[in-house]
Amino acid sequence: MNSEDVKALKSLLDERQKIVIVPHKNPDGDAIGATLALNHYLNDTGHEAVVITPNDFPKFLKWMPGHRDIVNFEKENSRALDLLESATLFFTLDFNQLSRTGHMQSILENAATPVVMIDHHQEPADYATIQFSDTSMSSTCEMVYTLIEELGLPHHITPDIASCIYAGILTDTGSFKYASTSSRTHRVVADLIDKGVKNTEIHHNIYDSNSPDRIKLLGCALANLVVLPEYNAAYTTLNQDELDAHNYKKGDTEGFVNYALTLNDVRLAAIFIENREEGIIKISFRSQGDFSVNDLARDFFEGGGHTNAAGGKSDRSLAQTIAYFIALLDNYKTVLNK
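All figures in this text were calculated on a predicted structure; none of them were measured in a lab.

Novice: What is the right way to read the overall build of the protein from this model?
Specialist: When helices and strands are counted, the protein shows 14 helices and 12 strands. Relative to a compact globule of 338 residues, whose C-alpha radius of gyration would be 20 Å, the protein shows 20 Å and is just as compact. Dimensions of the protein, computed from C-alpha atoms along their principal axes, come out at roughly 60 × 40 × 40 Å. Counting only contacts in the protein whose residues sit at least 6 apart along the sequence, the fraction spanning at least 24 positions is 64%. Summed over its atoms, the accessible surface of the protein is roughly 15,200 Å², and 46% of this surface lies on carbon and sulfur atoms. Of note, the protein has its 29 positive side-chain charges centred 3 Å away from the centre of its 46 negative side-chain charges.

This is the structure in structure tokens:
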């Protein structure tokens, strides 16, 4: 992390601040873990901090220390607006485009409040007063750990903070299997366990709390799997009727796209999920090797992320979106067949 940026943040934190911490819309394990970890740290060091999420987050994350104190902008709008208006400092975590905050975007764009960005995704927008952006990091949670170290207060990583950071690293590295997992990541995780993390318990909370409906929904997604051997690609779909039939809850499709990527010779995987309420198709991409789904998502699906993991959306129908996706693959046939 840039020493001048760390120094500037230290200067801001020398005075007691009223802080709002914001993750992206539809926050995942890294976003919730990072915001809660930072929230604990800032409150423990004398500030008045609160996490405001643009909308709800998955049930399998609702065990993290402090999760009950999170304010949901959609459901608690009046309270959230009061907190945003009175804040003297904003932190935005695990995203780098304000459009990722949904209905909070205009508020954050128009506020005169200083903003600190902490994020590990590619191509950050230039909206933050202080920007910590590092695509080499496994997760935003690893960045929060590093920032606390850089601020000179590693002893403030309590068991609660450590558990939140561990959960975010665990989920964003795919249980430490993605290429972004470095030797430093493992050293950070080792220190978190030394600080009191119950790693087996956290893994169980996140991955072993399935409902019968979610398992059957996975079966439905796998039944819809289509392999495109000419492109070394595969995709699956879930339409709104299928989601409704399996009592879909937020987070139920987490990780479904990864099953397609486990097929022999598949270098590109996608899942297309219909959201009738928003009028969009939500898309998750995964890839092997150096094929950049970040570029694919940014160039064609209003999204982005990492080289091997990205998301996007489409305003077309489900059938039209799939047809558009397959047509695009002709442009990448040579690369995908390397």
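Novice: What is the right way to look at the sheet that holds strand β8 (residues 233-238) in this model?
Specialist: Paired through backbone hydrogen bonds, the strands of a sheet run either parallel or antiparallel to each other. Taken in spatial order, the 6 strands of this open sheet run β7-β8-β9-β10-β12-β11, and their pairing is mixed. Pairing within the sheet leaves two strands with one partner each, and these edge strands are β7 (226-228) and β11 (304-305). Note: β11 against strand β12 (residues 309-314), 2 bridges, orientation antiparallel. Considered in β12, the bridge of Gly305 is made with Ala310.

Novice: For this particular structure, what's the right way to read the side chain of Thr53?
Specialist: Considering the arrangement of structural elements, one finds Thr53 in strand β2 (residues 48-53). In terms of polar contacts, Thr53 uses its side chain to reach the backbone carbonyl oxygen of Asn55, at 2.8 Å. Excluding anything up to four places from it in sequence, Thr53 contacts Pro23, Pro27, Ile32, Ile70, Val71, Asn72, Phe73 and Met104.

Novice: Is there a simple way to explain the sheet that holds strand β3 (residues 71-72) in this structure?
Specialist: Overall, parallel pairing links the 6 strands, which are arranged β3-β2-β1-β4-β5-β6 in an open sheet. Lying at the two open borders of the sheet, with one neighbouring strand each, are β3 and β6 (130-133). In this sheet, β6 lies alongside strand β5 (residues 115-119) in parallel orientation, the contact comprising 4 bridges. What sits directly across from Met117, in β6, is Gln131. Helix α1 (residues 3-13) contacts β1 (18-22), β4 (89-93), β5 and β6 of the sheet and is inclined by roughly 130° relative to β6. With respect to the sheet, helix α2 (residues 29-44) is in contact with β1, β2, β4 and β5, its orientation differing from that of β2 by roughly 165°.

How each quantity is defined
Residues numbered from 1 in each chain as written. Predicted model: local features only at pLDDT ≥ 70, side-chain atom pairs only at ≥ 80, totals over all residues. Heavy atoms only, no water. Helix = DSSP H or I, 4+ residues; strand = E, 2+ residues; numbered from the N terminus. Rg over C-alpha atoms; globule rule 2.2 N^0.38 Å. Contact = heavy atoms within 4.5 Å. Areas by Shrake-Rupley, 256 points an atom, 1.4 Å probe, with all protein chains shown as cover. Lys, Arg positive; Asp, Glu negative; His and termini not counted. Charge placed at Lys NZ, Arg CZ, Asp CG, Glu CD. Pairing = 2+ DSSP bridges. Polar contact = N/O pair within 3.5 Å; in protein donor to acceptor, adjacent residues only side chain to side chain. Axes fitted to C-alpha atoms, helices over the stretch in contact; angles between N-to-C directions.

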